[in-house]
Amino acid sequence: MDLVSSMHISATGLSAHRVRMNIIAMNMANVNTTRTEEGGPYTRKITIHEAVPFKDELVSAAANRVVAQEENGVNVMEIADSDDAYRRVFDPGHPDADENGYVTYPNVNTVTEMVNMMTAVRAYEANVTAISAAKNMALKALEIGR
(Lines give C-alpha, C1' and ligand atoms only; values in the text may rest on other atoms or scores of the structure.)
Protein backbone atom coordinates (compact mmCIF):
# COMPACT_ATOMS: atom_id res chain seq x y z
CA MET A 1 0.00 0.00 0.00
CA ASP A 2 1.42 3.38 -0.93
CA LEU A 3 1.05 6.67 0.90
CA VAL A 4 -1.67 8.02 -1.40
CA SER A 5 -3.76 4.89 -0.88
CA SER A 6 -3.48 5.15 2.89
CA MET A 7 -4.48 8.81 2.71
CA HIS A 8 -7.47 7.91 0.57
CA ILE A 9 -8.62 5.24 3.01
CA SER A 10 -8.34 7.69 5.90
CA ALA A 11 -10.15 10.37 3.89
CA THR A 12 -13.12 8.03 3.33
CA GLY A 13 -13.10 7.36 7.08
CA LEU A 14 -13.16 11.10 7.77
CA SER A 15 -16.14 11.52 5.49
CA ALA A 16 -18.07 8.61 6.99
CA HIS A 17 -17.49 9.73 10.58
CA ARG A 18 -18.43 13.32 9.72
CA VAL A 19 -21.79 12.02 8.51
CA ARG A 20 -22.09 9.90 11.66
CA MET A 21 -21.41 12.93 13.88
CA ASN A 22 -24.00 14.99 11.99
CA ILE A 23 -26.62 12.26 12.50
CA ILE A 24 -25.79 12.04 16.21
CA ALA A 25 -26.09 15.82 16.54
CA MET A 26 -29.48 15.67 14.80
CA ASN A 27 -30.60 12.95 17.23
CA MET A 28 -29.55 15.03 20.21
CA ALA A 29 -31.26 18.13 18.84
CA ASN A 30 -34.53 16.20 18.59
CA VAL A 31 -34.42 14.44 21.96
CA ASN A 32 -37.72 16.05 23.02
CA THR A 33 -39.48 16.33 19.62
CA THR A 34 -42.87 14.73 20.14
CA ARG A 35 -44.43 15.79 16.83
CA THR A 36 -42.83 15.63 13.39
CA GLU A 37 -44.19 16.32 9.93
CA GLU A 38 -45.11 12.62 9.70
CA GLY A 39 -47.22 12.98 12.84
CA GLY A 40 -45.40 10.92 15.44
CA PRO A 41 -42.35 11.52 17.60
CA TYR A 42 -38.89 11.87 16.12
CA THR A 43 -37.25 8.51 15.36
CA ARG A 44 -33.58 8.08 16.18
CA LYS A 45 -31.34 7.73 13.13
CA ILE A 46 -28.23 5.55 12.87
CA THR A 47 -25.57 5.25 10.20
CA ILE A 48 -24.62 1.90 8.75
CA HIS A 49 -21.07 1.81 7.44
CA GLU A 50 -19.64 -0.60 4.92
CA ALA A 51 -16.16 -1.42 3.73
CA VAL A 52 -15.86 -0.53 0.08
CA PRO A 53 -13.23 -2.04 -2.17
CA PHE A 54 -12.52 0.07 -5.22
CA LYS A 55 -10.10 0.01 -8.08
CA ASP A 56 -7.76 2.87 -8.81
CA GLU A 57 -6.24 2.90 -12.24
CA LEU A 58 -2.83 4.50 -12.34
CA VAL A 59 -0.56 5.01 -15.29
CA SER A 60 2.77 3.42 -14.54
CA ALA A 61 5.50 5.87 -15.52
CA ALA A 62 8.05 3.10 -16.07
CA ALA A 63 5.92 0.92 -18.32
CA ASN A 64 3.51 3.54 -19.75
CA ARG A 65 0.57 1.26 -19.12
CA VAL A 66 -2.48 1.32 -16.87
CA VAL A 67 -2.02 -0.50 -13.58
CA ALA A 68 -5.15 -1.38 -11.57
CA GLN A 69 -4.77 -1.19 -7.82
CA GLU A 70 -7.39 -2.49 -5.46
CA GLU A 71 -7.84 -0.30 -2.43
CA ASN A 72 -10.33 -0.16 0.38
CA GLY A 73 -12.30 2.54 2.07
CA VAL A 74 -15.41 3.07 4.14
CA ASN A 75 -18.77 4.40 3.07
CA VAL A 76 -22.05 5.25 4.77
CA MET A 77 -24.25 2.59 3.22
CA GLU A 78 -27.49 3.76 4.82
CA ILE A 79 -28.98 6.17 7.31
CA ALA A 80 -31.61 4.01 8.97
CA ASP A 81 -34.25 4.49 11.63
CA SER A 82 -33.50 2.84 14.96
CA ASP A 83 -35.95 0.20 16.13
CA ASP A 84 -35.55 1.08 19.82
CA ALA A 85 -38.76 1.56 21.80
CA TYR A 86 -40.14 5.05 22.28
CA ARG A 87 -40.31 6.53 25.78
CA ARG A 88 -43.80 7.00 27.21
CA VAL A 89 -44.20 9.59 29.97
CA PHE A 90 -47.36 10.39 31.90
CA ASP A 91 -48.02 14.10 31.30
CA PRO A 92 -51.75 14.76 30.80
CA GLY A 93 -51.18 18.53 30.35
CA HIS A 94 -48.89 18.09 27.33
CA PRO A 95 -50.48 19.02 23.98
CA ASP A 96 -49.36 15.70 22.44
CA ALA A 97 -50.71 13.50 25.24
CA ASP A 98 -52.94 10.63 24.20
CA GLU A 99 -56.37 9.90 25.71
CA ASN A 100 -54.71 8.19 28.71
CA GLY A 101 -52.42 11.18 29.41
CA TYR A 102 -49.22 9.58 28.08
CA VAL A 103 -46.81 11.42 25.78
CA THR A 104 -44.64 9.42 23.41
CA TYR A 105 -41.09 10.82 23.30
CA PRO A 106 -38.36 9.94 20.80
CA ASN A 107 -36.25 6.82 21.26
CA VAL A 108 -33.14 8.97 21.78
CA ASN A 109 -31.00 8.42 24.87
CA THR A 110 -28.60 11.33 25.42
CA VAL A 111 -26.05 9.15 27.24
CA THR A 112 -25.96 6.69 24.34
CA GLU A 113 -25.66 9.55 21.86
CA MET A 114 -22.79 11.12 23.82
CA VAL A 115 -20.92 7.80 23.88
CA ASN A 116 -21.51 7.40 20.14
CA MET A 117 -20.31 10.98 19.58
CA MET A 118 -17.14 10.32 21.58
CA THR A 119 -16.35 7.16 19.57
CA ALA A 120 -17.01 9.00 16.30
CA VAL A 121 -14.72 11.85 17.37
CA ARG A 122 -11.99 9.39 18.35
CA ALA A 123 -12.30 7.59 15.01
CA TYR A 124 -12.19 10.94 13.21
CA GLU A 125 -9.06 11.93 15.16
CA ALA A 126 -7.43 8.58 14.36
CA ASN A 127 -8.00 9.14 10.65
CA VAL A 128 -6.57 12.68 10.90
CA THR A 129 -3.51 11.26 12.68
CA ALA A 130 -3.08 8.60 9.98
CA ILE A 131 -3.22 11.24 7.23
CA SER A 132 -0.73 13.39 9.12
CA ALA A 133 1.64 10.45 9.54
CA ALA A 134 1.43 9.62 5.82
CA LYS A 135 2.11 13.25 4.96
CA ASN A 136 5.13 13.33 7.28
CA MET A 137 6.48 10.11 5.74
CA ALA A 138 6.14 11.62 2.26
CA LEU A 139 7.99 14.76 3.37
CA LYS A 140 10.77 12.69 4.94
CA ALA A 141 11.05 10.63 1.76
CA LEU A 142 11.50 13.84 -0.24
CA GLU A 143 14.26 14.95 2.14
CA ILE A 144 16.27 11.79 1.42
CA GLY A 145 17.35 13.18 -1.95
CA ARG A 146 18.96 16.28 -0.45
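Residues numbered from 1 in each chain as written. Predicted model: local features only at pLDDT ≥ 70, side-chain atom pairs only at ≥ 80, totals over all residues. Heavy atoms only, no water.

Chemist: What exactly am I supposed to notice about the side chain of S82 here?
Modeler: Secondary-structure assignment places S82 in the loop between β2 (65–81) and β3 (87–90). For S82, the side chain forms a polar contact with the side chain of D84, separated by 3.1 Å. With residues near it in sequence (within four places) discarded, S82 still touches T43, R44, I46 and N107. (Helix = DSSP H or I, 4+ residues; strand = E, 2+ residues; numbered from the N terminus. Polar contact = N/O pair within 3.5 Å; in protein donor to acceptor, adjacent residues only side chain to side chain. Contact = heavy atoms within 4.5 Å.)

Chemist: I keep staring at helix α1 (residues 3–29) and nothing clicks. Help me out?
Modeler: Quick reminder: α-helices carry 3.6 residues per turn. Residues three or four places apart thus point the same way. When the terminal C-alpha atoms of α1 are compared, their 39 Å separation across 27 residues agrees well with the 39 Å that a helix rising 1.5 Å per residue should span. What α1 keeps buried is the set S5, S10, T12, G13, L14, A16, H17, R20, M21, I23, I24 and N27. (Expected span 1.5 Å × (residues − 1). Buried < 20%, exposed > 50% of the residue type's maximum accessible area, 1.4 Å probe, protein only.)

Chemist: How do you make sense of helix α2 (residues 110–144) when you look at a structure like this?
Modeler: For α2, built from 35 residues, the straight-helix expectation of 51 Å at 1.5 Å per residue is met to within 8% by its first-to-last C-alpha distance of 51 Å. By the burial criterion, the buried members of α2 are E113, A120, N127 and A134. Packing partners of the buried residues in α2 comprise α1. Backbone nitrogen of V111 and a side-chain oxygen of the N-cap are separated by 3.0 Å at the start of α2; the cap is N109.

Chemist: Teacher, can you tell me more about the packing of aromatic side chains here?
Modeler: Aromatic ring pairs: the centre-centre distance and the angle between the two ring planes describe each pair. In the structure shown here, the tally under the stated rule is 1 aromatic pair. Looking at K45, its charged tip hangs above the ring of Y42, at a distance of 5.4 Å from the centre. (Phe/Tyr/Trp six-rings, centres within 6.5 Å; stacked < 30°, edge-to-face > 60°. Lys NZ or Arg CZ within 6 Å of the ring centre and 35° of its normal.)

Chemist: What is the right way to read the environment of F90 from this model?
Modeler: Take F90: it is sitting in strand β3. As for F90 and G101, which are separated by 11 residues in sequence, their C-alpha atoms are 5.7 Å apart. Setting aside its immediate chain neighbours within four residues, F90 contacts N100, G101 and Y102.

Chemist: Looking at this structure, how should I read the pattern of salt bridges?
Modeler: Inspection of every chain in the model, using the stated rule, returns 7 salt bridges. Ionic pairing is found between R44 and E113, a salt bridge with its closest N-O pair at 2.4 Å. Highlighted residues: R44 in the loop between α1 and β1 (45–60) and E113 in helix α2, separated in sequence by 69 residues. In terms of burial, R44 and E113 fall into one category: buried. A salt bridge links E143 to K140, with the shortest nitrogen-to-oxygen separation between them at 3.9 Å. Of the two residues, E143 and K140 both sit in helix α2, 3 residues apart, roughly one turn of that helix. Taking the relative accessible area as the measure of exposure, E143 reaches 40% and is therefore partly exposed. Owing to a relative accessible area of 55%, K140 belongs among the exposed residues under this scheme. One network of salt bridges, with partners in common, ties together R44, D84 and E113. (Salt bridge = Lys/Arg side-chain N within 4 Å of Asp/Glu carboxyl O.)

Scope: geometric values only; no functional claims are made or implied.
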